[in-house]
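# Remarks on the overall topology
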Amino acid sequence: MVSHKEFETAGKAPGLQIWRIENMDLKPVPKNLYGNFYTGDAYLLLYTTTAPSYYIHMWMGNECSQDESGAAAIFATQLDDFLGGGPVQFREVQNNESLTFLGYFKSGIKYKQGGVASGFHHVLTNDVDVKRLLHIKGRRAIRATEVEMSWSSFNKGDCFIVDLGKEIYQWCGSDCNRFERLKASQLAIDIRDNERNGRAKLIMVEDGAEPDALTKVLGPKSSITPATPDNEEVETSNKKKAALYMISDASGSMKTSVVAQTSPFKQEMLSLDECYILDNGVDKNVFVWKGPNANTSERKAAMKAAEQFIKEKNYSSKTQIQVLPAGGETTLFKQFFSNWKDKDQTTGPTKAYTIGKIAHVEQIPFDASSLHNNKAMAAQHNMVDDGSGKVQIWRVEGGDRVPVDPSTYGQFFGGDCYLILYSYKQGSREQHIIYTWQGLKSTQDELAASAFLTVQLDDSMGGAPVQVRVTQGQEPPHLMSLFKGKPMIIHSGGTSRKDGQTKTGSMRLFHIRQSSSRATRAVEVEPSASNLNTNDVFVLKSPDCVFVWKGAGASEEEMVAAKYVVSVLGRQSTDVVEGKEPAGFWSALGGKKEYQTSPTLQKMVKPPRLFGCSNKTGRLVVEEVPGDFTQSDLATDDVMLLDTWDQIFLWIGKEANEVEKRESPKIAKDYVDSDPSGRHGLPITTIKQGAEPPTFTGWFQAWDPNINSSKNHEKKLLWFPQKY
């Protein structure tokens, strides 16, 4: 195995390591210059997680030579080999970097003209003898490109940084928005604090109010070009946008053969003995999956095979390549499979999972007493409080809302829609949530009326409530906790209207499960033995008797909930333990059948993802925020979509336009419905800026409710104390 001396420290500690290719060798880039890339060079990056797991990136500038890009590929292969073949590998091309890559540089990346061949070196210095103009572009991921130091380079829609060494001027075009100013400020601060070690002064300049120091450098100001539209980004839904090929060298040379022409694929299509190419060229993505038992030559030639594939397909040279070992699959790759399951994944449609090595999210045990001061727990368990506030429920009837008898609170019928208003105290303020519960057998008129009545109720309360749309069977834990210790009971059909009760079946089966927040739900399911689950409790009602069946992994709380369900059904019950069922139990269910018997494994969750919905380009597009997102990534002039796997949040910025507000709920629904992993019907919670509940804010570290209250926030950023 070839081992370069630079590999001695590779992957030894979590974090990022960057090398530049210089004279066909690896030279480390100083940490304070991370994020600076010469357009004439090639770079090798290694990101190590705490697990540890590894991500290797080759970055090629637009003007780098074939020799340099070839050397980067060789070193990437050697580093992959050195780390045991486990890293995920990416090929990055200037201006088309992956979200994973961009996520490493929260202050943005800066493209510098020239390269090692031109004598430009990454040097540790407090050098203030600098004169350059940077064009700042991008909303989720910032790219700063060095352009000609001239007024002709400016436009009214963007921000620019005039870097004069001792002074750094941030120039804001008259048509740029507040969010772009904030992002440009982050980058200006990064230059000051990292490249200058704090030895520079930041000055904000408005279009039309340029100081003499700028006109001295740039000359008399000429007319500025009007704003140019942002680049359009690829939409998030990738369903049916890919093909799957197998790579083989059995014939003596690398060949590809078609496995499936269109996605979604089945995970079983991937043999552990082979390597595969997943072709998503329409979105400029090509993936190579390496089976753990594939032969060495196929595994080592993975990147070359992908590059050859791109040439044969006449795809753009900017097409991204990801090389993935088994067990290290990225979210972008897994989304093309309808049944993807990771090792140790729990089962069930709303069970979340991840690869522990890649991105494990620490699970926080539920403790109702600490809900109010532990925002991370509130977010992870979807609980704004312990459910002890005030509850009011209406049923949608004849286009209006009719109060539900409080003695039946907690019972919901699949033929109805309901509005549940929950009011609670958060500090000294009263907060409100409107849950709109929609039964699977309710009519189109009732569904439409429920949406209209929700808006009407929201308007009557001044637009302050948080709105949560809930589809039957996808109830969030907090809604389940509102019924004073009683389980939430969901009848599969019928209606609770007076004189409208439909006749229930003679045989009924209720599935009772406790959530992570200890609230219980009893859902009526088809009375078949195949619906049993060893982890839960079931109530079976026949014309003659009622059985309470306790699975081996069921909890006592679920048994208590089952007894309440029995009381609602108005019968005496017989307890049945799994494995000791009487013959009458199985005959009532239509005979014994195979059911889920594997104990639920430790619950794992996928890391949350944040997207922006914007029509700044002239049409509504969805763009993911790269890396670990922060509160400052919430663009006040956009609608943001937060995906926490078992819930979707839509955050409405105060400056979002009407098109974004109107179209984003449809995008959220399409986003969920097009997910091959089968998350249809997830709750979609709509939240307005300034009225965020802890179930949302807890996903953001150190949430500041006042961060967007000042129009001068970007100026505050610039005038932080300087580090001398």
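These numbers were taken from a predicted model, which means no experiment stands behind them.

## Some words on the sheet that holds strand β13 (residues 243-248)
Ordered by their spatial adjacency, 10 strands build an open sheet running β2-β1-β4-β5-β6-β17-β16-β15-β13-β14, and the pairing between neighbours is mixed. The open sheet has two edge strands with one neighbour each: β2 (25-28) and β14 (255-260). Taking the axes of each pair of neighbouring strands and ignoring which way they run, one obtains an average angle of 25 degrees across the sheet. Examined bridge by bridge, β13 and β14 share five bridges and lie antiparallel to one another. Bridge assignment links Ile247 to a residue of β14, and that residue is Thr256. In this fold helix α1 (residues 66-82) packs onto β1 (15-22), β2, β4 (42-48), β5 (54-60), β6 (88-93) and β16 (285-290), with an angle of close to 20 degrees to the strand it touches most, β4.

## Section: the pattern of salt bridges
On inspection of all chains with the given rule, the structure shows 25 salt bridges. In this structure, the salt-bridge partner of Lys110 is Asp190, at a minimum N-O distance of 2.8 Å. One end of the pair, Lys110, is in strand β7 (residues 109-112); the other, Asp190, is in helix α3 (residues 178-195), and 80 residues separate them in sequence. There is no split in this pair, since Lys110 and Asp190 are both buried. In this structure, Arg181 and Glu206 form a salt bridge, with 2.8 Å as the shortest nitrogen-oxygen distance. Here Arg181 is found in helix α3, whereas its partner Glu206 is found in strand β12 (residues 201-206), with 25 residues between them in sequence.

## What to know about the packing of aromatic side chains
Two aromatic rings are characterised by how far apart their centres lie and by the angle between their planes. Tallied over the full model, the rule gives 34 aromatic pairs. Centre to centre, the rings of Phe287 and Phe333 are 5.7 Å apart; their planes meet at 65 degrees, and the pair counts as edge-to-face. On the criterion of sequence distance, the pair formed by Phe287 in strand β16 and Phe333 in helix α7 (residues 331-334) is long-range, its members being 46 residues apart. We classify Phe287 as buried; its relative accessible area is 1%. One aromatic cluster is present, built from ring pairs that chain together Phe37, Tyr43, Tyr47, Trp59, Phe101, Tyr104, Phe105 and Tyr111. The aromatic ring of Trp151 is capped on one face by Lys221, whose charged end is 5.9 Å from the ring centroid.

## Focus: the nonpolar core
Counting 39 residues, the largest nonpolar core has Ile420, Trp437, Leu479 and Phe696 as the members making the most contacts within it. Element by element, the count of residues in this core is highest for strand β21 (residues 417-426), at four residues. Two domains share this core, each providing at least three of its residues, namely domain 4 (373-491) and domain 6 (605-716). Formed by 35 residues, the second largest nonpolar core is a distinct cluster that contains Ala42, Leu83, Val286 and Ala302.

## Points about empty space enclosed by the protein
Overall, the coordinates contain five cavities of 30 Å³ or more when judged by the stated rule. Estimates place the volume of the largest cavity at around 100 Å³. Forming the walls of the largest cavity are 13 residues, and the residues nearest its centre are Ile433, Tyr435, Val468, Gln647 and Thr695. Put simply, the parts of the chain that give the lining of the largest cavity at least two residues each are β22 (429-438) and β23 (466-471). Class assignment of the residues belonging to the lining of the largest cavity gives a composition of eight nonpolar, five polar and no charged. Of the domains in this structure, domain 4 (373-491) and domain 6 (605-716) are the two that each give at least three residues to the lining of the largest cavity.

Rules behind the numbers
Residues numbered from 1 in each chain as written. Predicted model: local features only at pLDDT ≥ 70, side-chain atom pairs only at ≥ 80, totals over all residues. Heavy atoms only, no water. Pairing = 2+ DSSP bridges. Helix = DSSP H or I, 4+ residues; strand = E, 2+ residues; numbered from the N terminus. Axes fitted to C-alpha atoms, helices over the stretch in contact; angles between N-to-C directions. Contact = heavy atoms within 4.5 Å. Salt bridge = Lys/Arg side-chain N within 4 Å of Asp/Glu carboxyl O. Buried < 20%, exposed > 50% of the residue type's maximum accessible area, 1.4 Å probe, protein only. Phe/Tyr/Trp six-rings, centres within 6.5 Å; stacked < 30°, edge-to-face > 60°. Lys NZ or Arg CZ within 6 Å of the ring centre and 35° of its normal. Core = buried A, V, L, I, M, F, W, Y, C linked by side-chain atoms within 4.5 Å. Domains from an automatic or database assignment. 1 Å grid on protein atoms, 1.4 Å probe; cavity = no way out; pocket = protein on both sides within 12 Å on 5 of 7 lines; lining within 4 Å. Points joined across faces, edges and corners; volume = space filled by probe spheres on them. Nonpolar A, V, L, I, M, F, W, Y, C, P; charged D, E, K, R; others polar.

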